[in-house]
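Observations on the three-dimensional arrangement
This is what each chain is made of:
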Amino acid sequence: MATTAPAHPVHPVHPVDEVPPVRHLAAFGLQHVLAMYAGAVAVPLIVGGAMNLSPADLAYLITADLLVCGIATLIQCVGFWRFGVRLPIMQGCTFAAVSPMVLIGTTGGGLPAIYGSVIVAGLAIVLLAPVFGRLLRFFPPLVTGTVILIIGVSLLPVAGNWAAGGVGAKDFGEPKNLALAGFVLAVVLAVQRFAPPFLSRIAVLVGIAVGLAVAVPFGFTDFGGVGDADWVGISTPFHFGTPTFHASAIVSMLVVALVTMTETTGDLIAVGEMTDRKVEPRTLADGLRADGLSTVLGGVFNTFPYTAFAQNVGLVGMTRVRSRWVVATAGGILVLLGLLPKLGAVVAAVPAPVLGGAGLVMFGTVAASGLRTLAEVDFKGNDNLTVVAVSVAVGMLPVGVPTIYAKFPDWFQTVMNSGISAGCLTAIVLNLLFNHLPGKTGSAGAAAEPKAASV
């Protein structure tokens, strides 16, 4: 009697590694690009504007930024050797570097001095990545949940500013802007609730598309910039001159590097939680190493330091599309936008209130994900509630009162003006203080729940 050979066991593909059909990849990827585009171009606009660059140089900075954003995202999602966390992580310019770069650019040597300090900071991140990887044990659910909550809540003012018309807009706060943002939010929610599964996963993209269709006849947007933009633009290394290396500029950028590593650690852990692929010390180091490499590329190709973009963390949680290849596709779209400025100008024409309506639900999703992680933590008979309360309070201070640290030294402002890094550092320190130092004799605080407190 013939026997059949046993079939090889089929190992199911983890959702992070699944490759959706091409049409889905394109739609999901474009959704990620639209979610982060305004944040991506904000840094070159702010820095270039502060340095009074010409419109042509500003346009060059933006296309260079989009190109390196795309390359950085591909490195992070696809990965090679020990570079890249291989999770759905979108990369963009960090806002933590804006103030130091404006200071360097206007008083300490211009763009060449900025790029010199950025290159050194990128190399430092590559070297420090394994050290940060070993710090993962200081991020139990008590800390990670608090950090994810702070990331979400600290992003909400960004969505609020977009909804009102964008910072500096002449019609900021006009009811028509908020009405458009509210309309987009309603469309996103309606699509997510009532549309078929595929459409519900691109609810943000549908909301932005419908919002744009409504915005055009009401005069919310101007496509004049599309005609002025070049068809092809290629960023060449050291376009603004050979980098120069000033000690003070390098020191301030190294502080920024530590802040961005802290923020990226929070974002990577958040995406790991949302995708059911927990970040391990080695993968965290790989993700941070990719940040460092992208930052070096930024210094070479006329742009700025790179970090994981929290905006897109919310999109992963909201859509439940966990494939890293979706975000890799978004990286490819960004590369195209960086090489084809006319395409970039079309995307740039999406009015701020449309992005604001979509941003409210995305950033709120990040905060809600933090609450979900905190639901795993035991708050009975210990001081864990204090850890969360004080960390969130410290994290929200610079968000609610942006000038609170204006009288402090620059290095202190760089660390503490980022609500994410301020809250993260506070959560780590308080977790160690309340859950790992010897407790009071007979105190309930000394016997914290292991799941919440162990490192």
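We now examine the pattern of salt bridges. A full pass over the atoms with the stated rule returns seven salt bridges. One salt bridge connects arginine 324 with aspartate 17, and the closest N-O pair in it is separated by 2.9 Å. Placement of arginine 324 in helix H13 (residues 324-339) and of aspartate 17 in the segment before helix H1 (22-50) is noted, with a sequence separation of 307 residues between them. Taking relative accessible area as the criterion, arginine 324 reaches 12% and is therefore assigned buried. A salt bridge links lysine 176 to aspartate 171, with the shortest nitrogen-to-oxygen separation between them at 3.8 Å. Looking at lysine 176, the relative accessible area reads 44%, which means it is partly exposed. Each of Asp17, Arg277 and Arg324 takes part in a single network of salt bridges with overlapping partners.

Now for H13. An ideal rise of 1.5 Å per residue puts 22 Å on 16 residues; H13 measures up with 23 Å between its terminal C-alpha atoms. Among the residues of H13, Arg324, Val326, Val327, Ala328, Ala330, Gly331, Leu334, Val335, Leu337 and Gly338 are the ones counted as buried.

Residue arginine 86 is not a glycine yet carries a positive backbone phi of 60°. Take arginine 86: it is sitting in the loop between helix H2 (55-77) and strand E1 (91-93). Residue classification places arginine 86 among the partly exposed residues on the basis of a relative accessible area of 23%. One non-glycine residue with positive phi stands out, namely asparagine 302, at about 65°. Within the secondary structure layout, asparagine 302 lies in the loop between helix H11 (281-300) and strand E2 (306-308). Note on asparagine 302: relative accessible area 0%, which makes it buried.

The rules behind the values
- Residues numbered from 1 in each chain as written.
- Predicted model: local features only at pLDDT ≥ 70, side-chain atom pairs only at ≥ 80, totals over all residues.
- Heavy atoms only, no water.
- Salt bridge = Lys/Arg side-chain N within 4 Å of Asp/Glu carboxyl O.
- Helix = DSSP H or I, 4+ residues; strand = E, 2+ residues; numbered from the N terminus.
- Buried < 20%, exposed > 50% of the residue type's maximum accessible area, 1.4 Å probe, protein only.
- Expected span 1.5 Å × (residues − 1).

This is a description of form; function is not addressed.
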